Amino acid sequence: MNIIPMFINGKWITGEGEQLIDVYNPSTGEPMAQIINARDVHVEEAVHAARQAFESREWRNIKPYERGQLLTALAAYIREHAEELSLLECKDVGKPLAQAQADIEAAARYFEFYGGAADKVMGDTIPIEDGILNAVVLEPVGVTVHIVPWNYPIQITSRSVAAAIATGNVVIVKSAEDTPLTTHAITQWLADKLPPGVFQHVTGYGREVGALLTSHPHINHITFTGSVPTGIAVMKAAAENVVPVTLELGGKSPNIVFADAPFEQAVEGVVRAIIQNAGQTCSAGARLLVEASVKEAFLQQLVKCFEAIRIGPGEADVDMGPLLNENQYVKIATLLKEAQKDGYVITGGETLQIKGFEKGYYVQPTILDGLTHHHPFAQEEIFGPILTVFTFETVEEAIELANSTQYGLVAGVWSENVNTAHYVASRLQAGQVFINNYGAAGGIQMPFGGYKKSGIGREKGLVALRNYTQMKNIAIKYAGPT
Ligand code: TXE
């Protein structure tokens, strides 16, 4: 089977004599590749090489605009190879081809966006007094570690790696156990274009290799996307070395539909927000809060759309692919059984066997109604195509319900009344609010991150460049003619 090598200190580490981990195709449920479970010596070498590279003249002599050119060249490469990269992402995550194609384009946009920004990251001057020039300089932080999850591997790798390289840092990426393929493809392109140690790709179990990397005393920043418990573990490890973290920890995002919502648009938006990537999206619209007077009509349309969703292997370019792996499948299947037993399911609720793909991890898109908002299904991130429904009578009730979980990543508001929409947006505890849309087509340029337990810091947009710079104040005293 195809072994995905790691890239450490400018060398490919192949799997000979190493512990290997199988990587499955979620659409078929069959193993398709293997990764190496890196050992502590690999992590040591990677961090050491990164530190040396960061301090080397070779890396420092590369001008900001040249780093930018490299990133935009990578964007061009990604676009030229969009077809094969989409297929890789589709095989690795199981997502429908069109969604994988959108992810590849988003990855190209990240490299293009931050490539263009590389020579525009500027400091400042502050007036102090005559005879002093006070400069505020932005410097790279150093060795940055990027722990990437499996739901949007190429997008999440690209968004933080591009910002870190643009600002002159060196990068160690640990891809998720299940999804190494597109990160490996980017690594192959970067391999001979950067000094050894500037970009490295390490693989293996998160609780072993991820933990070794994030607790290493010689790293300078961690960017992590994943679950709340692992985010807390990463933050604790970082605290031991006083290392800053950027955490994106998912959500339980609401779509709030008022009686005066643009109906068709809202139905389409609510469906897409929960079935994209089979609900395995941090910003999935997992809770529908609908004004009581239109609940029945809205649900009728919604159920129709859910029942029309085409499910199958990602490569068949259906509307919804399988779940990622057996863990996710068992978790969702158990939850569906419980929801069936308690009478919450109004459509869906079953696991599926697709002919020819019997070992794939398929489930029906499902709507649950009748839960109290304290129910764990309404509070916890499910990470599957399962929408929970609640009603409200007043604007204040809608806001209270929307804010009633530990998360605060994204929210959707659907109303034609500009006063209602803006008022609600101003009261929502969420890092991004979308009015009469959900997601604004990806929004590379928009700051993204969470309130409450959805995380710390912001990614995307120009603001993310600040994650990878540190500020130095230099005060220069000068004397004029005496
Ligand atoms: O997440 P983990 P898992 C949520 C989602 C999902 C649940 C479990 O609800 O059902 O998390 O998924 C690495 N130190 N999200 O188990 O453990 C791991 O190798 C350092 C939300 O996959 O958070 C992987 O690369 N790293 C989400 C990454 O962390 C560690 C995306 C995420 O794994 C580590 C994914 C450790 N101790 C899951 N342990 C989102 N926000 O989009 C694991 N890892």
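Data block above holds the structure.
All of these numbers come straight from a predicted model, not from anything done at the bench. (Residues numbered from 1 in each chain as written. Predicted model: local features only at pLDDT ≥ 70, side-chain atom pairs only at ≥ 80, totals over all residues. Heavy atoms only, no water.)

Student: Would you explain the nonpolar core in this entry?
Tutor: One broad rule of soluble globular proteins: the nonpolar side chains tend to lie buried together. Counting 71 residues, the largest nonpolar core has I78, F111 and Y114 as the members making the most contacts within it. At 9 residues, the largest contribution of residues to this core is made by helix α5 (residues 97–117). Not counting residues up to four positions away in its chain, the partners in contact with Y114 are L71, R159, A162, A163, A166, K460, G461, A464 and L465. (Core = buried A, V, L, I, M, F, W, Y, C linked by side-chain atoms within 4.5 Å. Buried < 20%, exposed > 50% of the residue type's maximum accessible area, 1.4 Å probe, protein only. Helix = DSSP H or I, 4+ residues; strand = E, 2+ residues; numbered from the N terminus. Contact = heavy atoms within 4.5 Å.)

Student: Mind showing me how you'd approach the pattern of salt bridges here?
Tutor: Note on pairing: side chains with opposite charge can pair once their charged atoms come close. Inspection of every chain in the model, using the stated rule, returns 18 salt bridges. As a salt-bridge pair, R39 and E18 come within 2.9 Å of each other at their nearest N and O atoms. Placement of the pair is R39 in the loop between β5 (30–36) and α1 (40–55) and E18 in the loop between β3 (11–13) and β4 (20–25), with a sequence separation of 21 residues. The class for R39 is partly exposed, based on a relative accessible area of 40%. As a salt-bridge pair, E459 and R159 come within 3.3 Å of each other at their nearest N and O atoms. Linking E459 in the loop between β22 (455–456) and β23 (469–477) with R159 in helix α6 (residues 153–166), this pair joins segments that are 300 residues apart in sequence. With relative accessibility at 3%, the residue E459 sits in the buried group. Linked through salt bridges whose partners overlap, the residues forming this network are R79, E105, R109 and E112. (Salt bridge = Lys/Arg side-chain N within 4 Å of Asp/Glu carboxyl O.)

Student: Is there a simple way to think about the sheet that holds strand β18 (residues 366–369) in this case?
Tutor: Sheet strands line up and pair through hydrogen bonds in the backbone, either parallel or antiparallel. Strands sit in the order β15-β18-β19-β14-β13-β20-β21 across an open sheet of 7 strands; the sheet is mixed. The strands lining the two open edges of the sheet, one partner per strand, are β15 (345–347) and β21 (432–435). Each adjacent strand pair in this sheet contributes to an overall mean axis angle of 25 degrees, direction not counted. Direction of pairing for strand β14 (residues 285–291) relative to strand β19 (residues 386–392): parallel, over a ladder of 5 bridges. Its bridge partner being in β19, L289 is matched across the sheet by F390. Set on the sheet, helix α12 (residues 326–341) makes contact with β15, β18 and β19; between it and β19 the angle comes to about 40 degrees. (Pairing = 2+ DSSP bridges. Axes fitted to C-alpha atoms, helices over the stretch in contact; angles between N-to-C directions.)

Student: Just checking my understanding: could you explain helix α3 (residues 64–80) for this structure?
Tutor: Along an α-helix, residues three or four positions apart point the same way, because every turn accommodates 3.6 residues. Over its 17 residues, α3 extends 25 Å from the first C-alpha to the last, a length consistent with the 24 Å expected when each residue adds 1.5 Å. Contacts made by the buried residues of α3 are with α2 (57–60), α4 (82–93), α5, α6 and α7 (181–190). (Expected span 1.5 Å × (residues − 1).)

Student: Even after reading the chapter, I still don't get the site of the ligand, so can you show me in this structure?
Tutor: Near the ligand lie 27 residues; those nearest to it are W150, E177, S227, Q328 and E381. Within the contact set of the ligand, an oxygen atom lies 3.4 Å away from a backbone nitrogen or oxygen of G206. The contact in question runs from an oxygen atom of the ligand to an N or O atom on the side chain of Q328, over 2.8 Å. Here the ligand loses 84% of its free accessible area of 810 Å² to cover by the protein chains. By residue number, the principal contributor to the shell around the ligand is helix α8 (residues 206–214), which donates 5 residues. Each residue belonging to the shell around the ligand can be placed in one class, and the counts come to 11 nonpolar, 10 polar and 6 charged. In terms of domain composition, the shell around the ligand takes at least three residues from each of domain 1 (3–249 + 457–473) and domain 2 (254–444). (Near = heavy atom within 4 Å. Polar contact = N/O pair within 3.5 Å; in protein donor to acceptor, adjacent residues only side chain to side chain. Areas by Shrake-Rupley, 256 points an atom, 1.4 Å probe, with all protein chains shown as cover. Nonpolar A, V, L, I, M, F, W, Y, C, P; charged D, E, K, R; others polar. Domains from an automatic or database assignment.)

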